[in-house]
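Close look at the chain arrangement
Residue-level listing of the chains:
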Amino acid sequence: MKQIGQVGFLEKERPTDPGPNGAIVKTTHAMVCTSDTHTVKGAIGQRENLTLGHEAVGVVDRLGSELEGISEGDRVAAVGQ
């Protein structure tokens, strides 16, 4: 979302360091949900350069040093913002 009422594609910097408790996931598929359509219409106030499609699946690319029970290469679902 570029701004209220305007969507499109934006170039954004890719993260390189997940931090000790984070993960970097390469998204393979994402969906825009109803809350995204309301956001574009201005329901939660002014937003600019916001990435929509927060319901996604992908592959774990990098893991933080403190994470357990998951490995790089695992398929995961990311839900929420």
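Heads up: these notes are all about the structure in this document. All residue numbers refer to positions counted from 1 along the written sequence of the respective chain. For a predicted model such as this one, the threshold for reporting local features is a pLDDT of at least 70, and the threshold for listing and counting side-chain atom pairs is 80 or more; totals across whole chains, interfaces and linings nevertheless cover every residue. Hydrogens and water molecules were not included; the side-chain quantities draw on all heavy atoms of the structure.

1. Topic: unusual backbone geometry
- Its identity is not glycine, yet Asn49 carries a phi of approximately 55 degrees, on the positive side.
- Secondary structure elements follow DSSP: runs of H or I no shorter than four residues count as helices, runs of E no shorter than two count as strands, and numbering proceeds from the N terminus. Within the element layout of this structure, Asn49 appears in the loop between helix H1 (34-40) and strand E2 (55-63).

2. A word on the pattern of salt bridges
- Between Lys or Arg on one side and Asp or Glu on the other, a salt bridge is scored when a side-chain nitrogen of the former is within 4 Å of a carboxyl oxygen of the latter. If you walk through the whole model with that rule in mind, you get two salt bridges.
- Close ionic contact of Lys26 with Asp61 constitutes a salt bridge, the shortest N to O distance being 3.9 Å. Of this pair, Lys26 sits in strand E1 (residues 23-31) while Asp61 sits in strand E2; the two residues are 35 residues apart in sequence, bridging distant segments of the chain.
- Buried, partly exposed and exposed residues are distinguished by accessible area as a fraction of the type maximum, computed with a 1.4 Å probe on protein chains only: under 20%, between the cut-offs, and over 50%, respectively. Lys26 sits in the exposed class, given a relative accessible area of 52%.
- We classify Asp61 as partly exposed; its relative accessible area is 28%.
- Connected through salt bridges with shared partners, the residues Lys26, Asp61 and Arg62 form a single ionic network.

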